[in-house]
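# Residue-level structure breakdown
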Amino acid sequence: MGLSFIVLGSGSSGNATLVSDGETHILVDVGLSGRETAKRLRECGIEPERISAIVVSHEHGDHCRGVGPFAKDLEIPVFMTDATLSGSGMILDSRKHQRIQSGESFDVYGFLFTGFSVPHDSADPLGFVIEKDEIKLGIALDLGYLSNLVLERLKGCDGIILESNHDVRMLKVGPYPWALKQRVLSRRGHLSNDSVAQFLGNDFDGQAAHIVLAHLSQKNNLPELALLSAQRALEERSGLQIGGTKLELAYQDKISRAYRY
Ligand SMILES: [Zn+2]
Ligand SMILES: [Zn+2]
């Protein structure tokens, strides 16, 4: 059965990832509208009613906007921390809320999730490692830098979805107001192409078959730039067998391909 994932959409207008073993389908974040999420699930050949659970990383709208609307008519558990729930202002049936905590593992219908803290300006932001049938997927979106904890968690992953939010130069000369530029650039903001390159050049263990660059800014980045910068970093890497890793992109306005393990 293994594990597969499809990034339904990623960027500041909404993030959602489908994780599946072919029978059980789980959404990690529903930052697209409920309707758009349903539409994209159908594009993946999955009726929205077949979703078994939702896991939420943090309360920013681009990660949880669609959770309430999507879960409204479904009797499914929604896993998130208390701080994320209260920060979101979401009204969620208490029977649906499954409380999780940073650093702890939890079972979602046979998928072993472990939430880990990421440096980001929200109440209790999490990245996730998801394990099933010896396959390990890492998701780290919305983080200002790659802390030692994040680097540790991303080791040994077969697939990684990693933020590559902005090109620092484009951000600096771009249209954002100064305060927002500072926020994005801060250690609790968003990950730059340079940070990803540094990760690939120094810390990446070469295990993952795929690294999907995600949460690209539409104003302060270009897909080609993110990909090129990451590719260069991998190519310049010496002393480690990393030829097996493919770099790919997630998109805001369309679903990614399916990654199967
Ligand atoms: Zn965020
Ligand atoms: Zn975000």
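Our structure is the block above this text.
To start, this report covers the structure provided alongside it. All values derive from a computational prediction rather than experimental measurement. (Residues numbered from 1 in each chain as written. Chains lettered and ligands numbered in written order. Predicted model: local features only at pLDDT ≥ 70, side-chain atom pairs only at ≥ 80, totals over all residues. Heavy atoms only, no water.)

Turning next to the coordination of the zinc ion (ligand 1). Note on metal sites: the ideal angle is 109.5 degrees for four tetrahedral donors, and 90 or 180 degrees for six octahedral donors. In this structure, H58 (NE2), H60 (ND1), H120 (NE2) and D142 (OD) serve as the protein donors to the zinc ion (ligand 1), at separations of 2.2 Å. Going along the chain, you hit the donors of the zinc ion (ligand 1) in the pattern H-x1-H-x59-H-x21-D. Separating the zinc ion (ligand 1) from the zinc ion (ligand 2) is a distance of 3.7 Å, and D142 supplies a donor atom to each of them. One end of the pair, H120, is in the loop between β8 (111-117) and β9 (126-132); the other, D142, is in the loop between β10 (135-140) and α5 (148-153), and 22 residues separate them in sequence. Note on H120: relative accessible area 2%, which makes it buried. (Donors = N, O, S within 2.8 Å, 3.2 Å for Na, K, Ca; no water. Helix = DSSP H or I, 4+ residues; strand = E, 2+ residues; numbered from the N terminus. Buried < 20%, exposed > 50% of the residue type's maximum accessible area, 1.4 Å probe, protein only.)

Right, let's talk about the coordination of the zinc ion (ligand 2) for a bit. All of the protein donors around the zinc ion (ligand 2) are D62 (OD), H63 (NE2), D142 (OD), D142 (OD) and H215 (NE2); their distances to the metal are 2.0 to 2.7 Å. All donors to the zinc ion (ligand 2) come from one chain, and their sequence spacing reads D-H-x78-D-x72-H.

On to the pattern of salt bridges, then. Going through the model one piece at a time under the given rule, you end up with 14 salt bridges. Close ionic contact of R40 with E36 constitutes a salt bridge, the shortest N to O distance being 2.7 Å. Of this pair, R40 and E36 both sit in helix α1 (residues 34-43), 4 residues apart, which is roughly one turn of the helix. Ionic pairing is found between R257 and E248, a salt bridge with its closest N-O pair at 3.2 Å. Taking the relative accessible area as the measure of exposure, E248 reaches 16% and is therefore buried. Because the salt bridges share partners, they merge into one network encompassing E36, K39, R40 and E43. (Salt bridge = Lys/Arg side-chain N within 4 Å of Asp/Glu carboxyl O.)

Turning our eyes to something else, we now look at the pairing of β10. Of all 6 residues that make up β10, 5 are buried, and the element is covered over most of its length. Across 5 bridges, β9 lies against β10 in antiparallel orientation. Looking at the pairing, I130 lines up with L137 of β10. Here β9 folds back onto β10 in antiparallel fashion, the turn holding 2 residues, of which D133 has a positive phi close to 50°. Pairing analysis gives 4 bridges linking β10 to strand β11 (residues 159-163), with the strands arranged parallel. Among the inter-strand pairings, L137 is bridged to a residue of β11, identified as G159. Regarding topology, α5 serves as the crossover connection from β10 to the parallel β11, and that connection is right-handed. (Pairing = 2+ DSSP bridges. Right-handed = clockwise from strand over helix to strand, strands pointing away.)

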